[in-house]
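Architecture and fold: a report
These are the residues of each chain, in order.
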Amino acid sequence: MENDFERPDREAAAEALNTLHADRERLANAVEVPRLLLFAFGALGAWWVAAAATTDPGADYQPPTSGWLALVGGLVIAYLVRRETGIRFRVMGARAGWAVAGIVATCLALFSVSLGLVSFDLRWAVTLTSTAAFLMTTWLAGVAHRSAIAELRRG
């Protein structure tokens, strides 16, 4: 068996790279933002923050188990986003990682504020923190998704 390796010329290599770039661009343009799933992330964050209204802060404080359910729900929604778009979360980029960390930090902060509101017997005000959690989580999930599309374009 004889191997006949030819060294490609510069034009062929440049054309192959241009074709690859065009394919990446076409793929990135074809990916649509799954708005319903981004809203689901927002709803999950709002639900977790709203769980503070069902607690009794103080000496007998028992943390709600909704944190574990929110984690499972987040993993399910992440799987659905991957199935819908084909984007793997391991290659989303640094900006997406910061956005996800921002989601966690924002929800933790709003949960703590909600506990403070409940301790002052202002359970009704938890609706404000829950709404803020919904808005911030939905926005940051969109930032993460746009970052993933940008990483897809870069390769």
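Just so you know, these numbers come straight off a predicted model, no measurement behind them. (Residues numbered from 1 in each chain as written. Predicted model: local features only at pLDDT ≥ 70, side-chain atom pairs only at ≥ 80, totals over all residues. Heavy atoms only, no water.)

A word on the overall build of the protein chain. Check the secondary structure of the protein chain and you find five helices and zero strands. Buried positions account for 34% of the 155 residues belonging to the protein chain. Pairs at least 24 apart in sequence give 81% of the contacts found in the protein chain among residues at least 6 apart. Accessible surface computed for the protein chain: about 10,600 Å², of which carbon and sulfur atoms make up 63%. (Helix = DSSP H or I, 4+ residues; strand = E, 2+ residues; numbered from the N terminus. Buried < 20%, exposed > 50% of the residue type's maximum accessible area, 1.4 Å probe, protein only. Contact = heavy atoms within 4.5 Å. Areas by Shrake-Rupley, 256 points an atom, 1.4 Å probe, with all protein chains shown as cover.)

Before going further, it helps to examine the nonpolar core. It is characteristic of soluble globular proteins that their nonpolar side chains tend to be buried jointly. With 27 residues, the main nonpolar core has Phe41, Trp48, Val49, Ile77 and Met92 as its most contacted residues. Breaking this core down by element, the ones donating at least two residues are α2 (35-50), α3 (66-85), α4 (94-119) and α5 (126-154). Discounting chain neighbours no more than four positions away, the residues touching Ile77 are Leu37, Ala40, Phe41 and Leu44. (Core = buried A, V, L, I, M, F, W, Y, C linked by side-chain atoms within 4.5 Å.)

Glancing now at a nonpolar patch on the surface. Among the surface-exposed residues, Phe120, Leu122, Trp124 and Leu128 lie close enough to one another that they form a single nonpolar patch of about 490 Å² accessible area. Look at Leu128 and you get exposed, because its relative accessible area is 55%. (Patch = residues over 30% accessible without salt bridge, like charges linked within 9 Å, V, L, I, M, F, W, Y side chains within 5 Å. Salt bridge = Lys/Arg side-chain N within 4 Å of Asp/Glu carboxyl O.)

Attention shifts here to the packing of aromatic side chains. Under the definition given, this model contains two aromatic pairs. Between Phe39 and Phe134, the ring centres sit 6.3 Å apart and the planes meet at 20 degrees, which makes this aromatic pair stacked. Here the residue Phe39 occupies a position in helix α2, and Phe134 occupies one in helix α5, the gap between them amounting to 95 residues. Judged by relative accessible area, which is 42%, Phe39 ranks as partly exposed. Its relative accessible area of 27% is what places Phe134 among the partly exposed residues. (Phe/Tyr/Trp six-rings, centres within 6.5 Å; stacked < 30°, edge-to-face > 60°.)

Let us look at the packing of α4 against α5. Two elements in contact, α4 and α5, have axes whose closest approach is 8 Å; the angle formed by their N-to-C orientations is 175 degrees. Considering their axes alone, α4 and α5 lie roughly antiparallel with respect to each other. Contacts between α4 and α5 pair Arg95, Ala96, Ala99, Gly102, Ile103, Thr106, Cys107, Leu110, Val113, Ser114, Leu117 and Val118 from the former with Val126, Thr129, Ala132, Ala133, Met136, Thr137, Leu140, Ala141, Val143, Ala144, Arg146 and Ser147 from the latter. Split into classes, the residues belonging to the contact of α4 with α5 amount to 16 nonpolar, six polar and two charged. (Axes fitted to C-alpha atoms, helices over the stretch in contact; angles between N-to-C directions. Parallel < 35°, antiparallel > 145°, perpendicular 65-115°, else oblique. Nonpolar A, V, L, I, M, F, W, Y, C, P; charged D, E, K, R; others polar.)

On the secondary structure map, Glu84 appears in helix α3. Sequence spacing of Glu84 and Pro34 is 50 residues, and the spatial spacing of their C-alpha atoms is 7.5 Å. Setting aside chain neighbours within four positions, we find Glu84 in contact with Pro34 and Leu37.

Of all residues in the protein chain, 81% attain a pLDDT of 70 or more, and the chain-wide mean is 83. α2 holds the highest mean pLDDT among the elements of the protein chain, 93, whereas helix α1 (residues 10-30) holds the lowest, 68. (pLDDT = per-residue confidence, 0-100.)

Mapped onto the secondary structure, Thr55 falls in the loop between α2 and α3. Within polar-contact distance, the side chain of Thr55 engages the backbone oxygen of Ala52 at 2.7 Å. Beyond its immediate chain neighbours, meaning those up to four positions away, Thr55 contacts Tyr61, Gln62, Pro64, Leu115, Val118 and Arg123. (Polar contact = N/O pair within 3.5 Å; in protein donor to acceptor, adjacent residues only side chain to side chain.)

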